[in-house]
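# Notes for the structure review
Chain by chain, the residues run as shown.
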Amino acid sequence: MLVCIPIKMAAEPLFVRGTATATASWQACRRNNKNNSQSRLLYFSIRASHSTDKKNKVYKQLGLFSLRKKIEDAVLRAEFLAPTALELEEERRIRQEDMIRDYNLWDDPSKSNEILVQLADSAKVVDSLKDLKYKAEEAKLISQLSEMDAINYGLFKQAYDASLDVSKFLDHYEMSKLLHGPYDSEGACVTIKAGVDGICSKIWAEQLLHMYIKWAEKQGYRARLVEKCCCKNSGIKSATIELEFGYAFGYLSAERGVHLLKNSQSESVHKEAASACVDVVPLFLETAYDVEINDEDLIFSSPLLLREGQKLTEPTVCIQHIPTGISVQSSGERSHFANKVKALNRLKAKLLVIAKEQGVSGIRRINRDAIVDIWQKETRRYVSHPYKLVQDVKTGIQLPDLNSVLDGNIEPFLGAHLNIRQSSGTY
């Protein structure tokens, strides 16, 4: 069996082990390549060996040994966790169905809506776990098929892609089990504002924006950019993205606070090169929380903000909550009314988060003096010189790869924060 992997290269085709068949195939390939001088085909002809050591040696020669290990680990993890998780989630769904049968949905519409949403979520999880079992079996079967006669790179790549889906779902599922807060299952609205210390902070804020967008993409979702206030030269003054998928707020709530870019970690010689503030509030997807705010407690204003490169002004709406001093704004919608609705929803979400932090039963009980200025909460330090390091202030976690973190790989920080919440019992 012959595996053909197209790779653009200037050198002659490389053979791991030559055979008469491989030689003939290579000669035929050379004749075909005369019509296409821009690319060459790299041919591998590897006969499957019954010796594990020889097979591992071949895998290492192809650079596939670590990939095979990852496939095996993902399959074993799924085989160990999926059956138990599926059994527990099916029991949970049955209990919720029994609750609906015993409950008069018309007596309390809001409570009924909450139960129905939970039932729908349970059904989605059950379906996903069943799909996970199929994906794990698929990855295992394809991996075995790829080794039966010869190492088929195409099938091997397909098995690896399936294993990635398995690992990603299990990571998401395990983290979701740690999220028990009242708004953890909601989407998220993330606002990034640059500090006042020069153009560096504006550029830094834009890097953080891209970090969260890439994080969402790695989760298989899209971050919707709803507002962006650009600077004249480069960077941004502020930006807002909406993450319309479940548990986004639970994952990102720990990101709230100041993110500092430093030239050095040493306190004696460090210089803060840039700063930006990240705020995260719930984006309610299905459940609507009934929050009453008196009109006399609100101040509405509509400043005309001229966007960079645009001739028309946006219908911006700003709202200030007088009792708490909290202010929000919205400018990403096309109409004044739509921005007013969105700004009001953001205000309600922010007040609900503050009330939860203060442990009070409603927004009217919020103590204005006890509200912590988000600019006073340092969340993370990013060291760029003379070495690269990212240090999470809240958890103490340190990662040496700054570029990887800015590329959206922030799961270690999110997971560490969730573990601290779990151990302390604070949600």
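Residues numbered from 1 in each chain as written. Predicted model: local features only at pLDDT ≥ 70, side-chain atom pairs only at ≥ 80, totals over all residues. Heavy atoms only, no water.

An unreviewed UniProt entry lists the protein under the name Peptide chain release factor, with Melia azedarach as the source organism.

## Here's the deal with the overall build of the protein
Looking only at helices and strands, the protein has ten helices and 15 strands in total. Each of the 427 residues in the protein was classed as buried or not, and the buried ones make up 40%. In the form shown here, the protein has an accessible surface area of approximately 23,600 Å², with 52% of it arising from carbon and sulfur atoms. (Helix = DSSP H or I, 4+ residues; strand = E, 2+ residues; numbered from the N terminus. Buried < 20%, exposed > 50% of the residue type's maximum accessible area, 1.4 Å probe, protein only. Areas by Shrake-Rupley, 256 points an atom, 1.4 Å probe, with all protein chains shown as cover.)

## Notes on the side chain of S163
Note that S163 resides in helix α5 (residues 153-176). Judged by its relative accessible area of 2%, S163 is buried. Here S163 is in contact with I71, A74 and A139, once residues within four sequence places are set aside. (Contact = heavy atoms within 4.5 Å.)

## As for α5
In this model α5 runs 35 Å from its N-terminal to its C-terminal C-alpha over 24 residues, within 8% of the 34 Å that 1.5 Å per residue would give. For α5, every residue scored as buried is listed here: F156, A159, Y160, A162, S163, V166, L170, Y173, M175 and S176. (Expected span 1.5 Å × (residues − 1).)

## Details of the nonpolar core
Among the nonpolar cores identified, the biggest contains 57 residues, and V190, Y212, W215, L243, L252, Y382 and I410 are the most heavily contacted of them. Considering every element that reaches this core, the biggest residue donor is helix α6 (residues 199-218), with nine residues. Apart from residues lying up to four places away in sequence, Y382 is in contact with W204, L208, M211, H259, L260, L261, K262, L389, V390, L402, V405 and L406. Judged by nonpolar contacts, the second largest core, of eleven residues, contains A78, A82, A85 and L86. (Core = buried A, V, L, I, M, F, W, Y, C linked by side-chain atoms within 4.5 Å.)

## Remarks on the environment of D197
Following the sequence through the fold, D197 ends up in the loop between β3 (187-194) and α6. Owing to a relative accessible area of 34%, D197 belongs among the partly exposed residues under this scheme. Put simply, D197 and A274 are 77 residues apart on the chain and 6.7 Å apart in space, counted from C-alpha to C-alpha. With residues up to four places along the chain from it excluded, the contact list for D197 reads A274 and S275.

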